[in-house]
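Report on the structure
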Amino acid sequence: MRELLVIGIGAGDPDQVTVQAIKAMNRAEVFFVIGKGAEKQDLVDLRTGILDEHMRGPYRIVDIVDPPRDRTPSDYEGVVDDWHDRRAAIFEERFGAVDGVGAILVWGDPSLYDSTLRIVERVLSRGIETFEYSVIPGVTSVQSLAAQHRIVLNRIGEPVHITTGRRLRDGLPEGVRDAVVMLDADCSFTEVPGDDVQIWWGAYLGTEDEVLISGNLREVEAEIVRVRAELRERKGWIMDTYLLRS
């Protein structure tokens with residue numbers, strides 16, 4: 001493989017794919033698609049649907065099975081580092097079997113809570129495979145959340161804190177009044193103190209299954225917990241994001 005394109009494809013809506021991303025996709029001859037098991041097959045189907053929508057010529061798909069990892073580790077950073085190593089070994093093997101231009105389609109944008117660029121750098125650092133690579137930005141779930149709720153993420157002259165559910169459980173930094181939370185598998189918003197906190201929550205943003213809930217956190221948190229559990233049970237997976245504002 002002489003070149004790799006890491007392409008952000010938005011939160012799931014084929015119409016959110018940028019013109020730059022479409023041009024990059026049509027330069028690629030091979031797409032590396034990372035699968036995460038049968039219960040997440042529709043994530044693969046969404047990717048192939050985006051390709052069907054925007055590709056003008058023939059292309060090939062190379063499936064990569066994502067290696068499993070412990071989702072509740074005592075040593076989080078160590079487990080993730082080991083997972084990245086195993087991912088890099090698989091990517092290296094698949095990259096080495098390709099001649100031409102390859103591409104990876106990344107949900108949202110490769111710069112925000114996604115490990116693809118770290119894996120690519122790890123492959124290159126091994127020194128076995130050499131190639132050029134470039135990154136094409138995409139619309140994030142955070143942007144889609146704000147658009148669907150018709151809100152501005154920041155208040156005038158104030159910052160926005162972007163974090164994870166794991167970090168939210170440890171509490172927000174002092175002075176933070178607006179926080180976007182991603183990767184929250186445990187509904188950590190239920191542990192946020194206060195009666196004057198607002199939440200704007202969205203699941204499956206940019207897809208046909210999109211669900212939105214907003215309001216005073218104490219008034220809607222039980223509904224979000226219930227709806228989230230029902231959605232995850234029905235589909236086998238869930239991707240959700242939310243904004244908290246005190």
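Residues numbered from 1 in each chain as written. Predicted model: local features only at pLDDT ≥ 70, side-chain atom pairs only at ≥ 80, totals over all residues. Heavy atoms only, no water.

Concerning the nonpolar core
In this structure, Ile7, Met25, Ile199, Trp201 and Leu244 are the most contacted members of the largest nonpolar core, which totals 39 residues. Those elements that provide at least two residues to this core are β1 (3-8), α1 (19-25), α2 (41-54), β4 (101-106), β8 (198-203), α7 (217-235) and β10 (240-245). Ignoring any residue separated from it by four or fewer positions in sequence, one finds Ile7 in contact with Ala21, Ala24, Met25, Ala103, Ile104, Leu105, Val106 and Ile136. Met1, Ile104, Val106 and Phe131 belong to the second largest nonpolar core, which has 18 residues in total. (Core = buried A, V, L, I, M, F, W, Y, C linked by side-chain atoms within 4.5 Å. Buried < 20%, exposed > 50% of the residue type's maximum accessible area, 1.4 Å probe, protein only. Helix = DSSP H or I, 4+ residues; strand = E, 2+ residues; numbered from the N terminus. Contact = heavy atoms within 4.5 Å.)

A word on the sheet that holds strand β6 (residues 161-164)
The mixed open sheet is built from 5 strands, whose spatial order is β6-β7-β10-β8-β9. Strands with a single pairing partner mark the edges of an open sheet, and in this sheet they are β6 and β9 (211-216). Mean inter-strand twist for the sheet, computed between neighbouring axes without regard to direction, equals 15°. Two strands pair when backbone bridges link them, and β6 and strand β7 (residues 178-182) are joined in this way by 4 bridges, in the parallel orientation. Paired with Thr164 across the bridge in β7 is Met182. Relative to β9, α7 is tilted by about 160°, and along the sheet it contacts β8, β9 and β10. (Pairing = 2+ DSSP bridges. Axes fitted to C-alpha atoms, helices over the stretch in contact; angles between N-to-C directions.)

Description of the pattern of salt bridges
Summed over all chains, the structure comprises 13 salt bridges. Measuring nitrogen to oxygen at the nearest pair gives 2.5 Å for the salt bridge that ties Glu158 to Arg177. Of the two residues, Glu158 is situated in the loop between α5 (141-149) and β6 and Arg177 in the loop between α6 (165-168) and β7; the sequence distance between them amounts to 19 residues. On the basis of relative accessibility, which here comes to 28%, the residue Glu158 falls in the partly exposed class. We note a salt bridge from Asp240 to Arg228, for which the minimum N-O separation is 2.9 Å. Pair noted here: Asp240 is in strand β10 and Arg228 is in helix α7, with a separation of 12 residues, a long-range link. What emerges from the salt-bridge pattern is a single network uniting Asp81, Asp85 and Arg122. (Salt bridge = Lys/Arg side-chain N within 4 Å of Asp/Glu carboxyl O.)

Concerning the sheet that holds strand β2 (residues 30-35)
Pairing is parallel in the open sheet, where 5 strands are placed in the order β3-β2-β4-β1-β5. This sheet does not close on itself; its edge strands, each paired only once, are β3 (60-65) and β5 (132-136). On average, adjacent strands in this sheet sit at an angle of 25° to one another, irrespective of strand direction. Here helix α3 (residues 76-96) sits on the sheet and contacts β1, β2, β3 and β4; the angle it forms with β3, its principal contact strand, is near 155°.

Side note on the packing of α3 against helix α4 (residues 116-126)
Geometrically, a packed helix pair is captured by the angle between its two axes and the distance between the axes. Here α3 crosses α4 at 65°, and the two axes come no closer than 9 Å. Here α3 is positioned roughly perpendicular relative to α4, judged by the angle of their axes. α3 and α4 meet at a crossing whose hand is right-handed. Here Asp81, His84, Asp85, Arg87, Ala88, Ala89, Phe91, Glu92 and Phe95 of α3 come into contact with α4, specifically with Arg118, Ile119, Arg122, Val123 and Arg126. (Parallel < 35°, antiparallel > 145°, perpendicular 65-115°, else oblique. Left-handed = near helix turned anticlockwise from the far one by under 90°.)

So, α7
Its 19 residues give α7 an end-to-end C-alpha distance of 25 Å, which sits within 8% of 27 Å, the value for a rise of 1.5 Å per residue. Leu217, Val220, Glu221, Ile224, Val227, Arg228, Leu231 and Lys235 are the residues of α7 that are buried. Check the buried side of α7 and you find it contacts α2, β8, β9 and β10. Positive phi appears at Gly236, one or two residues downstream of α7, with a value of about 90°. (Expected span 1.5 Å × (residues − 1).)

Let's talk about the environment of Glu191
Structurally, Glu191 is set in the loop between β7 and β8. Exposure remark for Glu191: the relative accessible area of 52% places this residue in the exposed category. Distance in space between the C-alpha atoms of Glu191 and Leu112 is 24 Å, their sequence separation being 79 residues.

Some details on the side chain of Asp178
Within the secondary structure layout, Asp178 lies in strand β7. Within the structure, the side chain of Asp178 is placed 2.3 Å from the side chain of Arg245, a separation counted as a polar contact. Discounting chain neighbours no more than four positions away, the residues touching Asp178 are Leu153, Arg155, Glu158, Pro159, Val160, His161, Leu244 and Arg245. (Polar contact = N/O pair within 3.5 Å; in protein donor to acceptor, adjacent residues only side chain to side chain.)

Re the environment of Gly206
Within the secondary structure, Gly206 sits in the loop between β8 and β9. The exposure class assigned to Gly206 is buried, which follows from its relative accessible area of 15%. Distance from Gly206 to Val139, taken between C-alpha atoms, is 10.0 Å for residues 67 residues apart in sequence. When residues no more than four places from it in sequence are discounted, the contact partners of Gly206 are Gly12, Asp13 and Ser144.

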